[in-house]
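Geometric and topological summary
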Amino acid sequence: MIGGRRPLRGRKPADRRVRVERPHAPYFRYMGPGMLVAKPAANVALTPGGRMLRRVRNVIFGRPLSTEEEIGERLSKTKALAIFSSDAISSSAYATEEILRVLVLAGASALFLSLEVSIAITVLLAVVSISYRQVCRAYPNGGGAYVVAKTNLAPIFGLIAAAALLIDYVMTVAVSTAAAIAQIQSVYPPAYDYRIAIAFLSISLITIANLRGLRESGNIFAVPTYLFVGLALAIVAIGVVNIIGGTVPSISQPDAAPFPTPLEPIGILLLLKAFAGGSVALTGVEAIANGVPAFKPPESRNAANTMTAMSILLGVLFIGLTLFAVQYGLRPTNPGGASIVALAAAAAFGDGSVLFVTFAAATALILFLAANTSFNAFPRLAAILAEDGYMPRQFSFRGDRLAYSWGIVLLAAVAFGLLWAFGGDTHALIPLYSVGVFVCFTLSQIGMVKHWREVRESGWRWRMAVNAAGAILTAVVLVVVVSEKFRDGAYLVVILVPLLVGMMLFIKYQYTRSAREVAVAPDLVVRAPYREERVVVPIPGLNRAVVQAINVGRSISDDVRAVYITDEPEIAARLRSDFERQLPGVPLVVVESPYRTLVGPLLAYLDVLDSAWPPDKVDPITFVVIPEYVARSWWERILYNQSAKRLRSVLLGRPHTVVVAVPYRREDPSLFEAALGGERPMGGPPTGPSIAPTVVPPTPPPPPSGSPPAPPASGGSPR
């Protein structure tokens, strides 16, 4: 055991006890033999620059959160409604206008048909909402259409749904931000010239808010969401009262878009095009099903109830604002003019009144914050895809604030690039919108039909009937949306979906092939080579690269220990069982890292080993052997060895430390056999070549020969 024992005497003669002093106490909690949990001190930066950077990060993003605090970051239904429903609810601010922009081509009489179109879209909303309530309950781990299609249909259909969703989430950020800027233009027209700068600023602020974590972003976004809902309901109520009482005022619109000459005939094609335009109201409905794990327990029930509340609010606002626009004779304006929802607010509250300005501000804010739905759903879906091997593994890592930082940053960058490319124009972006979401609606509901046929739990027949009807409806709408919007830009989505699917299949192929090549046979028991070693080997698991690194370390010294740093104790327990069976005689130290960091706990562990060395002895050289998988091509290196590079960079220059990089090359499997002492894993002939690791010399000269070895890893050791 590292540390000392100090006898303590109490006030009474027989009151005696022994205090065990362990040098690792400031950094780790001792949880049993070979099991430690890293404390915050293990993650403290050691350099002045690192400490300054950490303070800046804490100010901007907040203090790091432990994995144990994740349950406290879960969302209540009221906060989840603000976070996950802002996209769907805010779409009522521009969905009506998209319907009117189509019907205005047929003249003033055709505008009255917008109410029938909005009712038809609301019926479809009800069917989709009921379907996704069932998805929330059947698949509480999140993933939405991707998980449903992958589980019940085939992995390729799951990837199609995932690709469509990823595109749609990017479009949500771009369209919502452009619509918010258009709302600002309704009050302050000069803002049109600064739309790209406003878009960059708003996306940056939303990115920072999401990097701070779910609960804090919920607190930020709740106020404008509920303010918009309250004032929008007030507009609908005022309009209904005036319509019933016959007191609808006459509205003058000098900047209204003129009716074309000649007018288009009112026919099924025009109505289908209006339906396709207004279908943007359904975007964002699936976000709750993707984020079920973000809810407080019981997660499934809370998510399903939030889904219902969101659908009711969206349906009331969508139909209500459309009714208001039709009865008040509102028409879309020329580019740069006021939006329909701004004209409705001016008619209800009075142009320039306090309520009008407040509503305009709330509308702009909720449209900006509607992008937040994607900032929660996109990273979660990317993390699920990364866990399944279809995206780079970095996307499954959670940052200091328990947020999927890689997904958040990628979404912000791509969405802003799209806004910049399309000049921040809402109507230019709309044709690319809603195609992906109807792909997901159709695939998820087909998958749920198969799910109910196999599960056959109580009420499965009517549930299956609802999903079957919804699948037919959404499939028809998908055909309509694609056909009507294809020439306007929907063809880009049709091209991008298979490209993304191909990219994800390629990443999966790379990960599968590399895992197969470095896998250790289950019946293999790894024996020590002729020369025994002593090293510290940080390992990511048990594979051929790890075995090779451990045996290279055995050739250096006779004291070898492997260190596995993780935030998932269950996986560590399974690894320990396999490790002790397949690598007998090599101690495994499991360091639980609740803050999900790798470098800090490893450096702290090495410091503990150094502090345990007797002060009258020369400090030993610590060999840190890092297993690395060598990729064949430059573009593959993005997928591997990111953690190894970080470890090497921080260990270089550490006193009395030698860094040994042990590459595993898949094109030469004989290296692995040589690491086993010239034996093939399955009993083949011995191989000749030995391993030549890359060694980084230590800063000080090596200690003289005869230095005492470090104490072995034992029951009370932090090793």
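None of the values given here were measured: they were computed from a predicted structure. (Residues numbered from 1 in each chain as written. Predicted model: local features only at pLDDT ≥ 70, side-chain atom pairs only at ≥ 80, totals over all residues. Heavy atoms only, no water.)

Under the defined criterion, the tally for this structure stands at 7 aromatic pairs. Plain terms: the ring middles of tyrosine 132 and phenylalanine 441 are 5.7 Å apart, the flat faces sit at 65° to each other, and that makes the pair edge-to-face. In this pair, tyrosine 132 sits in helix 5 (residues 114-138) while phenylalanine 441 sits in helix 17 (residues 435-455), placing the two residues 309 residues apart along the sequence. Considered together, tyrosine 132 and phenylalanine 441 belong to a single accessibility category, that of buried residues. Ring centres of phenylalanine 324 and tyrosine 328 lie 3.9 Å apart, and the angle between their planes is 10°; on these two criteria the pair is classed as stacked. (Phe/Tyr/Trp six-rings, centres within 6.5 Å; stacked < 30°, edge-to-face > 60°. Helix = DSSP H or I, 4+ residues; strand = E, 2+ residues; numbered from the N terminus. Buried < 20%, exposed > 50% of the residue type's maximum accessible area, 1.4 Å probe, protein only.)

For helix 6 (residues 144-152), the buried fraction is high: 7 of the 9 residues fall into the buried class. Among all positions in helix 6, only Gly144, Ala145, Tyr146, Val147, Val148, Ala149 and Asn152 are buried. Looking at the buried side of helix 6, the elements it contacts are helix 5, helix 7 (155-187), helix 11 (287-290), helix 14 (354-387) and helix 17. (Contact = heavy atoms within 4.5 Å.)

What follows concerns the pattern of salt bridges. The full count for this structure, using the stated rule, is 8 salt bridges. Taking the shortest distance from any N to any O, the salt bridge between aspartate 559 and arginine 561 comes out at 2.4 Å. The residues aspartate 559 and arginine 561 share a single accessibility class, namely buried. Residue arginine 576 pairs with glutamate 580 through a salt bridge whose shortest N-O separation is 3.8 Å. Separated by 4 residues within a single helix, arginine 576 and glutamate 580 lie in helix 20 (residues 569-582), roughly one turn from each other. Overall, the relative accessible area of 19% leaves arginine 576 in the buried class. A single network of salt bridges, built from pairs that share partners, joins Asp607, Asp610 and Arg654. (Salt bridge = Lys/Arg side-chain N within 4 Å of Asp/Glu carboxyl O.)

Another aspect to go through is the layout of surface pockets. In this model, the second largest pocket occupies a volume close to 450 Å³. Forming the boundary of the second largest pocket are 18 residues, of which Leu166, Val170, Phe378, Val414 and Leu500 lie nearest the centre. For the lining of the second largest pocket, the secondary structure elements donating two or more residues are helix 7, helix 15 (405-421) and helix 18 (460-518). Of the residues in the lining of the second largest pocket, the class split is 18 nonpolar, no polar and no charged. (1 Å grid on protein atoms, 1.4 Å probe; cavity = no way out; pocket = protein on both sides within 12 Å on 5 of 7 lines; lining within 4 Å. Points joined across faces, edges and corners; volume = space filled by probe spheres on them. Nonpolar A, V, L, I, M, F, W, Y, C, P; charged D, E, K, R; others polar.)

Now for the packing of helix 17 against helix 18. Between helix 17 and helix 18, the least distance of the axes is 7 Å, while the angle of their chain directions is 160°. Between helix 17 and helix 18, the crossing angle belongs to the class labelled roughly antiparallel. For the element pair helix 17 and helix 18, the recorded crossing hand is left-handed. A breakdown of the residues in the contact of helix 17 with helix 18 according to their chemical character gives 20 nonpolar, 6 polar and 2 charged. (Axes fitted to C-alpha atoms, helices over the stretch in contact; angles between N-to-C directions. Parallel < 35°, antiparallel > 145°, perpendicular 65-115°, else oblique. Left-handed = near helix turned anticlockwise from the far one by under 90°.)

Taken together, the side chains of Phe486, Tyr491, Leu492, Val494, Ile495, Leu496 and Leu499 present a nonpolar region at the surface, about 590 Å² in accessible area. Mapped onto the elements, leucine 496 comes out in helix 18. Residue classification places leucine 496 among the partly exposed residues on the basis of a relative accessible area of 41%. (Patch = residues over 30% accessible without salt bridge, like charges linked within 9 Å, V, L, I, M, F, W, Y side chains within 5 Å. Areas by Shrake-Rupley, 256 points an atom, 1.4 Å probe, with all protein chains shown as cover.)

Moving on, we come to the confidence of the model for the protein. Scored by pLDDT, the protein has a mean of 79; 84% of the residues are at 70 or more. For the protein, strand 10 (residues 694-696) is the element with the lowest average pLDDT, namely 40, and strand 5 (residues 536-538) is the one with the highest, namely 94. Of the regions scoring below 50 in pLDDT, residues 678-719 engages in 97 contacts with residues more than four places distant in sequence or in other chains. (pLDDT = per-residue confidence, 0-100.)

Once that is clear, we can look at the packing of helix 8 (residues 195-211) against helix 15. In contact at an axis separation of 10 Å, helix 8 and helix 15 are set at 170° when each is read in the N-to-C sense. Judged by the inter-axis angle, helix 8 sits roughly antiparallel to helix 15. Touching Ile196, Ala199, Phe200, Ile203, Thr207, Asn210 and Leu211 of helix 8 are Ser405, Ile408, Ala412, Phe416, Leu419 and Trp420, all from helix 15. For the contact of helix 8 with helix 15, the class distribution of residues is 10 nonpolar, 3 polar and no charged.

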